[in-house]
Every structure is written in C-alpha cells, then in structure tokens.
Amino acid sequence: MEEDLDEGQSQKGCLECCIKCLGGIPYPSLIATILLYAGVALFCGCGHEALSGTVTILQNYFEVVRSPMDSLDVFTMIDIIKYVIYGIASAFFVYGILLMVEGFFTSGAIKDLYGDFKITTCGRCVSAWFIMLTYIFMLAWLGVTAFTSLPVFMYFNIWTICQNTTVLEGATLCLDPRQYGIVPIAEAKTVCAGSEKFYKMCESNELDMTFHLFICALAGAGAAVIAMIHYLMVLSANWAYVKDACRMQKYEDIKSKEEQELHDIHSTRSKERLNAYT
C-alpha cells in the first residue's frame, strides 16, 4: 500500500515537473524561430539550385560562355550570390538561436517578476538591441524578397513565350538575354521560336525546374519576412513587459523602504513612551 502511494506521488511529481517545463517555453519565439529556419532553408536551398539551373540554361541554350577571370560577367555574379547564400544560411542559424535564448530569458524575467530575479540595465539594453537588429534584418529580407521576384518575373516571361508558341502560329517570338542585362549589348544571344534550341529549352526539365525553384525561393524569403515581423512583435511585447517589471520592482523597493521606515518610527516611539512611563 505504501509502495503504491509512493509511486503515485512520484508520478504526480514528474507530471508537475513536465508541466512546469512546458510552461517555461516561449512559444511565440519558438514559432517565429521555426518559421525563420523554414524560410531561410527554403530560400537558400532552392535559390542555390535555381542559380545552378540558370547557369546550365545559359550555357546549353543561349551559348553564353564565361569571360576571363579578371572581368565580371553573369557567371561570376551567380558565384558571388551563392557565397552570399552560404553566409545568410549560417548567420541566421546563429541569429535564430540567439533570439530563442533571449525569449527564454525574457519569459523567465516576466514569470519571476515577484521573485528574487532582478532585471538589470544590461538585460534591457540587450532587448532593445535585438529589437533594432531584427528591424534592420526585416528591411533586408524585404529587399531580398524584391530581388528574388526579378528572376521569377524573367522566367515567367520565358515560360509564357514557350506556352504561346503553340497558340500563335506564325508569330516570331524571341528570347534575348540582353533585355535583362545578362549579356553585354554587343553580344547577340537571341533564341527565336522555330529553332531547335528554342523547342529543346521549352521542353527541357531545367527550365521548368528552375522556374519553380525560384518561386519556392521567393516563398522562403517571404516566410523569413513574416518571421522577422513575428519576432518584432514578440520582442516589443517582451520589452514592454520588462519595462513594466522594472517599474514594479522600483515601486516594491520604495514601498518596502517606506514600510521599514514607518516600522522604525513606531518602534522608536514605543520605546520612548515605555521609557517615559517607567
């Protein structure tokens, strides 16, 4: 009988411990972190593969060749963008962890408002710094989203021309990469409807896959923007709670000091009356 009672108490203690641990998780920060990681992974992975597909299309169907190493051409720019993607992936992986840790500490500060935990000035400065940094990153991701929409628009035009070749018979539809600044004006790399390269490109898997990969990369950049906005809301709310907690702590300190002073005054008067009576 006693063993069953002890077992029931231990199970109840484990359940209370699990509930307490689950209650300490900052769920808004967790949701924003998951959304940020998903968006960054989608943007970096799909963007990298879409750039590789773009290189294949330019080399196989438009016959664009690499320039000498000392000049800046489209292939060099694509390589630079790939390295930027590597940096974005690693940087925001670390930044997501930092924001998650900040969410844990801020949630703990709010829940321990009436406990022994004291909010320091350094902690408030760190929260303000994260708000400013997250706002800057949100603006940066808005720019990345706008930049990613450009290749989506370009591939949508190419896909539309490929679809319209079967509808508009006899029409001369051409694809000229000079319109998008991919090749210099002096180089004519036009591919027109009716040519063998044009039909091969329209029927190839590279064009369809690259187009959809750029769409997925655009969706990932949009998800990162939403995650940054979510982080801003969470950080701003936590900052307001922390600011209110600081005011409450000051009020409690002043109140305790006043109560102590009143207690000391009453004690002194009581002693004086007792001495006068004796």
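What you are looking at is a predicted structure, and each value in this text was computed from that prediction instead of being measured.

Caption draft 1: Focus on the layout of surface pockets. For the largest pocket, the calculated volume is near 940 Å³. Val 74, Ile 78, Ile 81, Met 154 and Ile 182 are, among the 39 residues lining the largest pocket, the residues nearest its centre. Where the lining of the largest pocket is concerned, the elements lending two or more residues are α2 (27-60), α3 (74-111), α4 (121-164) and α6 (205-277). The biggest single contributor to the lining of the largest pocket is α4, with eight residues. Considered class by class, the residues forming the lining of the largest pocket number 30 nonpolar, five polar and four charged.

Caption draft 2: Spotlight on the side chain of Glu 102. By the element assignment, Glu 102 lies in helix α3. Apart from residues no more than four positions distant in its own chain, Glu 102 is found in contact with Ser 127, Phe 130 and Leu 235.

Caption draft 3: Spatial organisation of the environment of Leu 35. Here Leu 35 is to be found in helix α2. The class of Leu 35 is partly exposed, set by a relative accessible area of 27%. Counting along the chain gives 191 residues from Leu 35 to Ile 226, while the straight-line C-alpha distance between them is 8.0 Å. Leaving out residues up to four positions away in the same chain, Leu 35 has contacts with Ala 223, Ile 226 and Ala 227.

Caption draft 4: Quick look at a nonpolar patch on the surface. Together, Phe 93, Val 94, Ile 97, Leu 98, Val 101 and Phe 105 give the surface a local cluster of nonpolar side chains, amounting to about 560 Å² of exposed area. Tracing the chain through its elements places Phe 93 in helix α3.

Caption draft 5: Inspection of the pattern of salt bridges at higher detail. Within this structure, the stated rule accounts for two salt bridges. Taking the shortest distance from any N to any O, the salt bridge between Lys 197 and Glu 63 comes out at 1.8 Å. Within this pair, whereas Lys 197 is found in helix α5 (residues 196-203), its partner Glu 63 is found in the loop between α2 and α3, the two being separated by 134 residues in sequence. Lys 197 sits in the partly exposed class, given a relative accessible area of 31%. For Glu 63, a relative accessible area of 43% puts it in the partly exposed group.

Caption draft 6: Representation of the side chain of Ser 29. Tracing the sequence through the fold places Ser 29 in helix α2. The residues touching Ser 29, leaving out its near neighbours within four places in the chain, are Met 100, Gly 103, Tyr 231 and Val 234.

Calculation rules
- Residues numbered from 1 in each chain as written.
- Predicted model: local features only at pLDDT ≥ 70, side-chain atom pairs only at ≥ 80, totals over all residues.
- Heavy atoms only, no water.
- 1 Å grid on protein atoms, 1.4 Å probe; cavity = no way out; pocket = protein on both sides within 12 Å on 5 of 7 lines; lining within 4 Å.
- Points joined across faces, edges and corners; volume = space filled by probe spheres on them.
- Helix = DSSP H or I, 4+ residues; strand = E, 2+ residues; numbered from the N terminus.
- Nonpolar A, V, L, I, M, F, W, Y, C, P; charged D, E, K, R; others polar.
- Contact = heavy atoms within 4.5 Å.
- Buried < 20%, exposed > 50% of the residue type's maximum accessible area, 1.4 Å probe, protein only.
- Patch = residues over 30% accessible without salt bridge, like charges linked within 9 Å, V, L, I, M, F, W, Y side chains within 5 Å.
- Areas by Shrake-Rupley, 256 points an atom, 1.4 Å probe, with all protein chains shown as cover.
- Salt bridge = Lys/Arg side-chain N within 4 Å of Asp/Glu carboxyl O.

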